Amino acid sequence: MCGRFVVADAGSELVGVLRVDLEGDDLPAPSYNIAPTDPAAIVLDSAKTEPPTRRLESARWGLVPSWAKDLSVGSRAFNARAEEVEDKPMFRNALIKRRAVVPASGYYEWKTAEGLKVPHYIHPADDSPMFFASLYEWWKNPALPDDDPARWVLSFTILTRDAIGHLGSIHDRMPLFLDPDFADAWLDPTTENVGDILDAAIDAAPDVADTLTDFAVSKAVGNVRNNGPELIEPAE
């Protein structure tokens, strides 16, 4: 977890209660089968202004730290264990200053039953947006000239924690869910008590998990080329 998720809305419809100040020009279209290395919208608070500017930006799924030699590192860093990020060089600096929120409609997880893996779609029971705790980084491609707008790549990872309740019967991990009321504290780049913020997010995630529901869906979701609203219909 989490290896696929769904974003059925775009722009301000996607973030709603997070009160975004600025929306990027290249936001991804809605997608029902977002996979690692795909673009997705993330929310971040930019500390370049005072107070920070809350931005909705397109980012590559799979964290690429500034010291990486190429983008391939990101394909192995689309998830990060929340319990370990303070000690991992890959994620430690991002945790301190570059925390983000990934808004989504839901996500997929595969449940193993009688030797078979069955995909389940997990989402809020009231179909409101859900929010994953995330970390982001900027990476500069040394192979491109300074004036190339593609030289800077924004990327992100989704944090996970032990699954609880009915989600634990599907998979042993789940995203680190954020309550919208906690998002401001998580996003604040000026906070100094990062460990406390992380611990509070880990502790509060089960409350959000209890509001989620799930059902089995078609195995077509396993193919990244499939992408449409039929993927989130209950399996027949």
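Residues numbered from 1 in each chain as written. Predicted model: local features only at pLDDT ≥ 70, side-chain atom pairs only at ≥ 80, totals over all residues. Heavy atoms only, no water.

A. The environment of Ala-133, seen in detail. Along the chain, Ala-133 falls in strand E10 (residues 130-140). Look at Ala-133 and you get buried, because its relative accessible area is 0%. Distance from Ala-133 to Gly-62, taken between C-alpha atoms, is 14 Å for residues 71 residues apart in sequence. With residues near it in sequence (within four places) discarded, Ala-133 still touches Ala-100, Thr-157, Ile-158, Leu-159, Leu-176, Leu-178 and Trp-186. (Helix = DSSP H or I, 4+ residues; strand = E, 2+ residues; numbered from the N terminus. Buried < 20%, exposed > 50% of the residue type's maximum accessible area, 1.4 Å probe, protein only. Contact = heavy atoms within 4.5 Å.)

B. View of helix H4 (residues 180-187). Considered for burial, the residues of H4 that qualify are Phe-182, Ala-183, Trp-186 and Leu-187. Each buried residue of H4 sits inside an arc of 135° when the element is viewed along its axis, so together they form one side. A side-chain oxygen of the first residue of H4 lies 2.7 Å from the backbone nitrogen of Asp-181; this N-cap is Asp-179. (Arc of directions from axis to C-beta. Polar contact = N/O pair within 3.5 Å; in protein donor to acceptor, adjacent residues only side chain to side chain.)

C. Spatial organisation of the pattern of salt bridges. In total, this model carries eight salt bridges according to the counting rule given. One salt bridge connects Glu-137 with Arg-98, and the closest N-O pair in it is separated by 2.9 Å. With Glu-137 in strand E10 and Arg-98 in the loop between helix H2 (92-97) and strand E7 (99-104), the pair connects residues that are 39 residues apart, well separated along the chain. Using a relative accessible area of 5% as the deciding quantity, one classes Glu-137 as buried. (Salt bridge = Lys/Arg side-chain N within 4 Å of Asp/Glu carboxyl O.)

D. Structural view of the nonpolar core. Counting residues in hydrophobic clusters, the biggest one holds 59 residues, and the most contacted among them are Phe-5, Tyr-107, Phe-156, Phe-177 and Trp-186. Core analysis: the next-biggest nonpolar cluster, separate from the first, contains eight residues, Val-6, Tyr-32, Val-217 and Val-221 among them. (Core = buried A, V, L, I, M, F, W, Y, C linked by side-chain atoms within 4.5 Å.)

E. Broad picture of the packing of aromatic side chains. Overall, the coordinates contain nine aromatic pairs when judged by the stated rule. Relative to Phe-132, the ring of Tyr-107 has its centre 6.0 Å away and its plane inclined at 80°; by these criteria the two rings are edge-to-face. Of this pair, Tyr-107 sits in strand E8 (residues 106-113) while Phe-132 sits in strand E10, and the two are 25 residues apart along the sequence. For the residue pair Tyr-107 and Phe-132, the accessibility class agrees, reading buried in each case. Their ring planes at 45° and their centres at 5.6 Å tell us that Tyr-108 and Tyr-121 sit as a pair that is tilted. In this pair, Tyr-108 is assigned in strand E8 and Tyr-121 in strand E9 (residues 116-124), connecting sequence segments 13 residues apart. Here Tyr-108 falls in the buried class, since its relative accessible area comes to 0%. Of the residues examined, Tyr-121 reaches a relative accessible area of 4% and is grouped as buried. Joined through ring pairs, the aromatic side chains of Phe-5, Trp-61, Phe-78, Tyr-107, Phe-132, Phe-156 and Phe-177 make up one cluster. Above the ring of Trp-186, the side-chain terminus of Arg-99 is found at 5.9 Å from the ring centroid. (Phe/Tyr/Trp six-rings, centres within 6.5 Å; stacked < 30°, edge-to-face > 60°. Lys NZ or Arg CZ within 6 Å of the ring centre and 35° of its normal.)

F. Quick peek at the side chain of Ser-31. Position of Ser-31 among the secondary structure elements: in strand E3 (residues 31-34). From its side chain, Ser-31 meets the backbone nitrogen of Asn-33 in a polar contact 3.4 Å long.

G. Summary view of the pairing of E8. Sheet analysis places strand E1 (residues 4-7) next to E8, joined by three bridges and oriented antiparallel. Across the sheet, the residue bridging to Phe-5 is Tyr-107, located in E8. Pairing analysis gives seven bridges linking E8 to E9, with the strands arranged antiparallel. For Lys-111, the partnering residue across the bridge sits in E9 and is Val-118. The antiparallel hairpin formed by E8 and E9 contains two residues in its connecting segment, where Glu-114 sits at a positive phi of about 55°. (Pairing = 2+ DSSP bridges.)

H. Spatial organisation of unusual backbone geometry. Residue Pro-51 follows Glu-50 across a cis peptide bond; omega there is 0°. Among the secondary structure elements, Pro-51 is positioned in the loop between strand E4 (39-46) and strand E5 (53-61). We note that Arg-19 has phi near 55°; this positive angle belongs to a residue other than glycine. Along the polypeptide, Arg-19 turns up in the loop between helix H1 (12-15) and strand E2 (22-23). Phi angles above zero are rare outside glycine, and Asp-127 is one such case at about 60°. Its location among the elements puts Asp-127 in the loop between E9 and E10.

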